[in-house]
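Next come the chains, spelled out residue by residue.
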Amino acid sequence: MSELKKKINYTVVCVNEFANKFHIASKEAFNYLYEHKGIEFIKEHYDIEHTLSLDDAVEDLTMVCRNNGGRY
């Protein structure tokens, strides 16, 4: 599997896990993460984030988004 495909798959998993944690739709989670720089964070820090548990990754996304004006 190509590196790009791995990053895309990981991003999709993170978005879905974020949606599950906060009981929102996946589309809403993606839009929220995009708006509050969570998607950018995943792209920039994939090399480290994909080695962590999904719970840790969602926790990191939550902190990044809150630091960028998010409410979750």
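Residues numbered from 1 in each chain as written. Predicted model: local features only at pLDDT ≥ 70, side-chain atom pairs only at ≥ 80, totals over all residues. Heavy atoms only, no water.

Chemist: Could you clarify how one ought to interpret the overall build of the protein chain in this entry?
Modeler: Looking only at helices and strands, the protein chain has four helices and zero strands in total. Reading the protein chain from its N terminus to its C terminus gives the helix and strand order α-α-α-α. With the C-alpha coordinates aligned to their principal axes, the bounding extent of the protein chain is approximately 35 × 20 × 20 Å. Considering the protein chain as a whole, with its 72 residues, one finds that 38% of them fall into the buried category. Of the contacts made within the protein chain by residues no fewer than 6 positions apart, 64% connect residues no fewer than 24 positions apart. Put simply, the protein chain shows about 4,700 Å² of open surface, and 53% of that area lies on carbon and sulfur atoms. The distance from the centre of the 9 positive side-chain charges to the centre of the 12 negative ones in the protein chain is 6 Å. (Helix = DSSP H or I, 4+ residues; strand = E, 2+ residues; numbered from the N terminus. Buried < 20%, exposed > 50% of the residue type's maximum accessible area, 1.4 Å probe, protein only. Contact = heavy atoms within 4.5 Å. Areas by Shrake-Rupley, 256 points an atom, 1.4 Å probe, with all protein chains shown as cover. Lys, Arg positive; Asp, Glu negative; His and termini not counted. Charge placed at Lys NZ, Arg CZ, Asp CG, Glu CD.)

Chemist: How do you make sense of helix 3 (residues 38-49) when you look at a structure like this?
Modeler: Each turn of an α-helix holds 3.6 residues, which means side chains three or four residues apart point in the same direction. Helix length check: helix 3, at 12 residues, gives a terminal C-alpha distance of 12 Å against a target of 16 Å (1.5 Å per residue), a shortfall beyond 12%. Taken residue by residue, helix 3 has Gly38, Ile39, Phe41, Ile42, Tyr46 and Glu49 as its buried positions. Viewed along the axis of helix 3, the buried residues span an arc of 150°, placing them on a single side of the element. Among the exposed residues of helix 3, those pointing more than 90 degrees away from its buried face are Lys43, Glu44 and Asp47. Where helix 3 is buried, its residues touch helix 1 (3-22), helix 2 (26-35) and helix 4 (54-67). (Expected span 1.5 Å × (residues − 1). Arc of directions from axis to C-beta.)

Chemist: Would you mind going over the pattern of salt bridges with me for this structure?
Modeler: For side chains bearing opposite charge, pairing can occur when the charged atoms are close. Applying the stated criterion across every chain yields a total of two salt bridges. In this structure, the salt-bridge partner of arginine 71 is glutamate 28, at a minimum N-O distance of 3.8 Å. Linking arginine 71 in the segment after helix 4 with glutamate 28 in helix 2, this pair joins segments that are 43 residues apart in sequence. (Salt bridge = Lys/Arg side-chain N within 4 Å of Asp/Glu carboxyl O.)

Chemist: What is the right way to read the packing of helix 1 against helix 4 from this model?
Modeler: Two numbers describe a pair of packed helices, the interaxial angle and the distance between the axes. In contact at an axis separation of 10 Å, helix 1 and helix 4 are set at 75° when each is read in the N-to-C sense. Classified by the angle between their axes, helix 1 and helix 4 sit roughly perpendicular to one another. Where helix 1 approaches helix 4, its residues Tyr10, Val13, Cys14, Glu17, Phe18, Lys21 and Phe22 are matched on the opposing element by Leu54, Ala57, Val58, Glu59, Leu61 and Thr62. Taken together, the residues that form the contact of helix 1 with helix 4 break down as nine nonpolar, one polar and three charged. (Axes fitted to C-alpha atoms, helices over the stretch in contact; angles between N-to-C directions. Parallel < 35°, antiparallel > 145°, perpendicular 65-115°, else oblique. Nonpolar A, V, L, I, M, F, W, Y, C, P; charged D, E, K, R; others polar.)

Chemist: Just checking my understanding: could you explain the environment of alanine 25 for this structure?
Modeler: Within the secondary structure layout, alanine 25 lies in the loop between helix 1 and helix 2. Measuring from C-alpha to C-alpha, the distance between alanine 25 and lysine 37 comes to 18 Å, with 12 residues separating the pair along the chain.

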